[in-house]
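Here are the chains, one letter per residue:
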Amino acid sequence: MTVPSFQPLQGMSDLASPEVHLWQEVEEAARRLLALYQVEEVRTPILEPTGLFVRSLGEGTDVVQKEMYTFEDRGGRSVSLRPEGTAGVIRYLAGLGPEAAGARLYYLGPMFRAERPQAGRRRQFHQLGVELIGPPGPAQDVEAIALQQHLLNAWGLKAARIEINSRGLPAEQAAVSEGLRKALEPHEPRLCDDCRRRLKANVLRVLDCKQEGCRAVAETLPAVTDFMGADSRAYLDEVRRLLDLLELPAVINPRLVRGLDYYQHTIWEIRHPALGAQDALAGGGRYRIEWEGAAIEGVGFAAGLERIVTAVQHDRPASAESARGKPATWIVSQGAKALEQNLVLAQLLRQRGIACGLALDGRSVKAQMRAANRSGAAFAVIRGELEMEKGLFVLKSMKDGAQEELELPALVERLLRASRAEGT
Ligand code: AMP
């Protein structure tokens, strides 16, 4: 099948009005809130050396094995479009040296994974990610989870649920994998083909397989923390105590695992019932990543904005409409001279902070009024030869049709008052 050339590539989307207004609202709410937590934005490149992702995410992970857009740049060096945001931030921080200590950063932008196309899985998607740099500590992890919960509240996502667990320490991974493998072996015939392979290569992945049969088997398994040492279990207990102290509604999911190798101790995932099989809104955890001899420790999370927007649309059905800014005023011109003068008027109003629109193509007054209606404007300002001679402007309420003639200062005053009242 030939794809018409105006379609974006499979798994990628054009984002436009009206949906883009909701994106802007979601992003702006997040930026406001991150400022309260003194988390600052960092913008790292979208293209990075492939080795950065291989070394930080782990050679055996699905993302590195199957999903990266990798190619050679002009110098013959292997580069990849970023499949996630943490690795680039860590590269940046590693370059800062000791100044990186205590950094609190967020990023917001596109990520790329060459996924098999399916609902909820895009090849270009967007993430808001937060990285709080510092040595391990339950209080730091809980602050990050509190920030995550606060974001969900700010977006109005009441149905979202935070599930947490521990990934333990790297030294415990072999025991965890071995323990799970032993527990899974009797159930091998019930597992899907992929999971039978994972049993040997990457047994943790069996726990987040979406297949019905595998999920049923996973339910019967012991908690992964059963295979960890006392210190790791105590760390998770302390996280749980602090979550209670802050009255955060996070629950322990004893079989939660996260796919990337760099996690240790606390990990979490947020699910939302509107998302179907791909129900993860966001995921996070504590990590330790080495880059060029520097080891960066921190705790962070990434939220998928496509899924956040879907969930917002589900939990707040009127949100797209209310997020959409409407021009408060539509300027209507009777004749060429008025049109020219209205261009000047529009400039003046916009410089005063009043949103307005006007048609510049000389169409009829009737057609201009239709455009005013379509735009959802609260007022039309109508000007022709007669009004220009008198130095007046006709202000028409689009709601009730009431009209009055005003001089410029009174017109500006009225429109300013109306736009303040509307919050536009
Ligand atoms: P991950 O780094 O895989 O844990 O992803 C963090 C979040 O990004 C997930 O919880 C999703 O919300 C989102 N996400 C990851 N992969 C995709 C994708 N292919 N398409 C859309 N959203 C994604």
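What you are looking at is a predicted structure, and each value in this text was computed from that prediction instead of being measured.

Explain the pattern of salt bridges to me, please; I cannot follow it from the model alone.
Side chains bearing opposite charge may pair, as long as their charged atoms lie close to each other. Tallied over the entire structure, the rule returns 25 salt bridges. Across the pair Arg91 and Glu48 runs a salt bridge, and its minimum N-O distance is 2.7 Å. Of this pair, Arg91 sits in helix 4 (residues 86-96) while Glu48 sits in strand 2 (residues 47-49), and the two are 43 residues apart along the sequence. You can call Arg91 partly exposed: its relative accessible area is 24%. By relative accessible area, which is 4% here, Glu48 ends up buried. The closest approach of N and O atoms between Arg241 and Glu238, which form a salt bridge, is 3.0 Å.

Sorry if this is basic, but what is going on with unusual backbone geometry here?
Leave glycine aside and you will find that most residues have negative phi; peptide bonds, for their part, are mostly trans. Across the junction of Ser17 and Pro18, the peptide omega takes the value 5°, indicating a cis bond. Tracing the backbone shows Pro18 in the segment before helix 1 (19-36). Although it is not a glycine, His265 sits at a positive phi angle of roughly 55°. For His265, the position within the fold is in strand 9 (residues 263-271).

I keep staring at the packing of aromatic side chains and nothing clicks. Help me out?
A ring pair, where both rings are aromatic, is described by two values, the distance of the centres and the angle of the planes. The tally for this structure, following the rule as stated, stands at three aromatic pairs. On the numbers, 5.0 Å between centres and 70° between planes, the contact of Tyr262 with Tyr263 is edge-to-face. The exposure classification of Tyr262 matches that of Tyr263, with both residues buried. Their ring planes at 55° and their centres at 6.3 Å tell us that Trp268 and Phe301 sit as a pair that is tilted. Placement of the pair is Trp268 in strand 9 and Phe301 in strand 11 (residues 294-304), with a sequence separation of 33 residues. Both residues of the pair, Trp268 and Phe301, belong to the buried class. Every member of this aromatic cluster is reached through a ring pair, and the members are Tyr262, Tyr263 and Tyr287.

Looking at this structure, I do not really get the state of the cysteines. What am I missing?
One way to say it: the disulfide is the covalent bond shared by the sulfur atoms of two cysteines. Applying the stated rule across the entire model yields zero disulfides. Unpaired in this structure, Cys192 has its nearest cysteine sulfur neighbour in Cys214, at a distance of 3.7 Å. Cysteine Cys195 remains unbridged, with the sulfur of Cys209 as its closest cysteine sulfur at 3.7 Å.

For this particular structure, what's the right way to read the sheet that holds strand 7 (residues 161-166)?
On the basis of which strands lie adjacent, the open sheet formed by eight strands has the order 1-5-6-11-10-9-7-8 and mixed pairing. Only two strands of the sheet have a single neighbouring strand rather than two, namely strand 1 (40-41) and strand 8 (251-252). Sheet topology places strand 9 next to strand 10 (residues 280-291); six bridges connect them, and they run antiparallel. Within strand 10, the residue paired with Ile267 across the bridge is Gly285.

Reading the values: rules and limits
Residue indices follow the written sequence of each chain, beginning from 1 at its first position. Side-chain atom pairs in this predicted model are given and counted only at pLDDT of 80 or more, local residue features only at pLDDT of at least 70, and totals for whole chains, interfaces and linings cover all residues. As a convention, hydrogens and water are excluded, and side-chain values are obtained from all of the structure's heavy atoms. When a carboxyl oxygen of Asp or Glu lies within 4 Å of a side-chain nitrogen of Lys or Arg, that pair is called a salt bridge. In this description a helix means any DSSP run of H or I spanning at least four residues, a strand means any run of E spanning at least two, and both kinds are numbered starting from the N terminus. In this scheme, a residue with accessible area under 20% of its type's maximum is buried, one over 50% is exposed, and one in between is partly exposed, where area comes from a 1.4 Å probe on protein chains only. Stacked, tilted and edge-to-face are the three classes applied to pairs of Phe, Tyr and Trp rings, where Trp contributes its six-membered ring and a pair requires centres within 6.5 Å; stacked means planes under 30 degrees apart, edge-to-face means over 60, and tilted covers the rest. Note that a disulfide, as used here, is simply two cysteine sulfur atoms within 2.5 Å. Should DSSP find at least two bridges between two strands, the strands are regarded as paired.

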